[in-house]
2 protein chains.
Amino acid sequence: MGKKLYNISVEATLEVIGGKWKCVILCHLTHGKKRTSDLKRLMPRITQKMLTQQLRELEDDGIVKRIVYNQVPPKVEYELSDYGSSLTPILDSLCMWGETHIIKEYGDKFAVLEENVLNRRDDEVLVDELMEKEVEMT
Amino acid sequence: MGKKLYNISVEATLEVIGGKWKCVILCHLTHGKKRTSDLKRLMPRITQKMLTQQLRELEDDGIVKRIVYNQVPPKVEYELSDYGSSLTPILDSLCMWGETHIIKEYGDKFAVLEENVLNRRDDEVLVDELMEKEVEMT
DNA sequence: CAGCATCCGGAAGGATACTG
DNA sequence: CAGTATCCTTCCGGATGCTG
């Protein structure tokens with residue numbers, strides 16, 4: 001393997017999760033196993049190509065597990081590996097900081113969440129989190 | 001301001017610290033105020049153009065403060081703003097995960113640290129951290 | 001449904017020279 | 001020393017069509 005040289009250890013982290021969509025994908029996976037079609041719906045702007053590419057890289061780095069069901073039509077699921085789960089606290093922190101930042105910038109965080117996010121069925125954790133915060137603020 | 005739409009809150013975080021060099025710069029700044037020339041030395045691979053660009057964006061987002069001394073030759077320092085300091089726990093976690101990852105991948109973490117990192121004078125915190133871990137492992 | 005191959009435009013980022 | 005401006009190359013990533 002070609003050893004890479006780093007000037008600071010965070011560069012090693014960025015090499016793994018620094019891809020354009022990787023943190024977003026991983027954040028969704030912290031909420032549980034997801035099918036390819038689930039991920040597509042959760043990330044309407046990602047292209048098929050990028051989704052597969054980023055998932056492959058995460059798989060190669062041992063961050064996510066790819067579960068293939070041998071059936072027709074095909075079914076593939078992705079979930080955090082044990083090693084990938086060590087990123088969960090970081091991913092949660094990144095999400096929480098984002099929520100705070102959105103509030104700081106826009107006041108009402110719902111103003112910047114797309115409808116598909118609020119209407120989705122299988123990943124209501126975020127919405128629940130936001131609802132809780134909303135209650136705290138009243 | 002043009003409101004951006006997000007599908008998950010981490011996207012807001014990435015818009016602020018997702019730039020190619022931003023996390024690296026911020027990690028260095030968690031160790032204290034730095035002159036432009038310091039940052040250049042700490043990041044030998046970054047170009048002048050990118051350094052300035054990333055710093056400007058971080059400044060615009062209220063993450064870093066730019067301190068200009070009116071003197072000749074010019075002297076400029078950068079440091080985390082109060083708001084930027086709210087990222088410190090995340091940045092520390094990212095660094096720590098990177099160290100663990102380096103150990104997992106290469107065994108000896110010193111094998112992948114460039115010499116300029118080990119020889120530098122003003123940012124020995126990382127080295128100290130590594131030394132401590134080394135001791136723990138023996 | 002999940003994924004691959006191909007083409008292609010545009011943004012990202014490097015190199016260089018110049019300014020105060 | 002710190003920063004700007006310009007040019008130029010690279011390659012990321014989108015769009016499309018096809019396969020099992």
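This structure is a prediction, so every number in the text was calculated from the model and none was measured.

Visitor: Would you mind going over the overall build of chain A with me for this structure?
Guide: Helix and strand counts for chain A stand at eight helices and three strands. Beginning at the N terminus, the succession of helices and strands in chain A can be written as α-α-β-α-α-β-β-α-α-α-α. Taken over 138 residues, chain A has a buried fraction of 43%. Within chain A, residue pairs in contact and separated by at least 24 positions form 51% of the contacts whose partners lie at least 6 positions apart. Surface exposure of chain A reaches about 7200 Å², of which carbon and sulfur atoms provide 52%.

Visitor: Just to check I follow, could you spell out the protein's contact with DNA strand D for this structure?
Guide: The full set close to DNA strand D counts 16 residues, and K49 and P74 of chain A together with Q48, R66 and Y78 of chain B are the nearest of them. Atoms of DNA strand D within 4 Å of the protein: sugar and phosphate make up 61%, bases the balance. Between DNA strand D and the protein, one listed contact pairs a base nitrogen with a side-chain N or O atom of Q48 of chain B at 2.5 Å. Elements with a minimum of two residues in the surface near DNA strand D: α4 (48-60) of chain A together with α3 (36-42), α4 (48-60) and β3 (75-80) of chain B. Considering every element that reaches the surface near DNA strand D, the biggest residue donor is α4 of chain B, with three residues.

Visitor: Help me out: how do you make sense of the protein's contact with DNA strand C in this one?
Guide: Around DNA strand C, 17 residues are found, and the nearest of them are Q48, R66 and Y78 of chain A together with K49 and P74 of chain B. Considering the 4 Å shell around the protein, atoms of DNA strand C inside it are sugar or phosphate in 58% of instances. A distance of 3.2 Å separates a phosphate oxygen of DNA strand C from a polar side-chain atom of T47 of chain B. Mapped onto the surface near DNA strand C, the elements with two or more residues apiece are α3 (36-42), α4 and β3 (75-80) of chain A together with α4 of chain B. A breakdown of the residues in the surface near DNA strand C according to their chemical character gives six nonpolar, five polar and six charged.

Visitor: What am I meant to see in the UniProt feature "domain: HTH hxlR-type" (unreviewed entry) in chain A here?
Guide: Mapped onto this numbering, the UniProt entry gives "domain: HTH hxlR-type" (unreviewed entry) at residues 8-106 of chain A. As annotated, residues 8-106 of chain A comprises 60% helix and 14% strand, and the C-alpha atoms at either end are separated by 34 Å.

Visitor: I'm lost on the pattern of salt bridges in this one. Help?
Guide: Between side chains of opposite charge, a pair can form when the charged atoms approach closely. Residues and elements named next belong to chain B. Per the stated rule, a full pass over the model turns up nine salt bridges over all chains. Among the salt bridges present, the one from K22 reaches E57, with a minimum N-O distance of 2.7 Å. A residue pair is termed long-range when its members are at least 10 positions apart, and K22 in helix α2 (residues 22-29) and E57 in helix α4 qualify at 35 residues. We classify K22 as buried; its relative accessible area is 3%. According to the relative accessible area criterion, E57 is partly exposed, its value standing at 32%. Between D38 and R41 there is a salt bridge whose closest N-O contact spans 3.1 Å. With a gap of three residues between them, D38 and R41 both fall in helix α3, about one helical turn apart. The partly exposed category is assigned to R41, whose relative accessible area is 38%.

Visitor: Please clarify how the sheet that holds strand β2 (residues 64-69) of chain B should be interpreted in this entry.
Guide: Remark on secondary structure: sheet strands pair via backbone hydrogen bonds, oriented parallel or antiparallel. All names here are of chain B. Strand order in the open sheet formed by three strands is β1-β3-β2, with antiparallel pairing between adjacent strands. Edge strands, defined here as strands with exactly one partner in the open sheet, are β1 (34-35) and β2. Packing of α4 onto the sheet brings it into contact with β2 and β3, and relative to β2 it is tilted by some 115 degrees.

Visitor: Which parts of the structure should I look at to understand the pairing of β3 of chain A?
Guide: Consecutive residues of a regular strand have side chains that alternate between opposite faces of the sheet. Residues and elements named next belong to chain A. Pairing of strand β1 (residues 34-35) with β3 involves two bridges; the strand directions are antiparallel. Following the sheet pairing, R35 is matched in β3 by E77. Pairing of strand β2 (residues 64-69) with β3, which is carried by six bridges, proceeds in the antiparallel orientation. Across the sheet, residue R66 finds its bridge partner in β3, namely Y78. Hairpin connection from β2 to β3: five residues lie between these consecutive antiparallel strands.

Visitor: Even after reading the chapter, I still don't get the packing of helix α2 (residues 22-29) of chain A against helix α6 (residues 88-106) of chain A, so can you show me in this structure?
Guide: All names here are of chain A. Relative orientation of the contacting elements α2 and α6 amounts to 105 degrees, with a least axis distance of 10 Å. Judged on the interaxial angle alone, α6 and α2 are roughly perpendicular. On α6, the residues touching C23, L26 and C27 of α2 are L91, L94 and C95. Class assignment for the residues of the contact of α2 with α6 results in six nonpolar, no polar and no charged.

Quick notes on the rules
Residues numbered from 1 in each chain as written. Chains lettered and ligands numbered in written order. Predicted model: local features only at pLDDT ≥ 70, side-chain atom pairs only at ≥ 80, totals over all residues. Heavy atoms only, no water. Helix = DSSP H or I, 4+ residues; strand = E, 2+ residues; numbered from the N terminus. Buried < 20%, exposed > 50% of the residue type's maximum accessible area, 1.4 Å probe, protein only. Contact = heavy atoms within 4.5 Å. Areas by Shrake-Rupley, 256 points an atom, 1.4 Å probe, with all protein chains shown as cover. Near = heavy atom within 4 Å. Polar contact = N/O pair within 3.5 Å; in protein donor to acceptor, adjacent residues only side chain to side chain. Nonpolar A, V, L, I, M, F, W, Y, C, P; charged D, E, K, R; others polar. UniProt positions renumbered as here; feature names shortened; annotations may be inferred. Salt bridge = Lys/Arg side-chain N within 4 Å of Asp/Glu carboxyl O. Pairing = 2+ DSSP bridges. Axes fitted to C-alpha atoms, helices over the stretch in contact; angles between N-to-C directions. Parallel < 35°, antiparallel > 145°, perpendicular 65-115°, else oblique.

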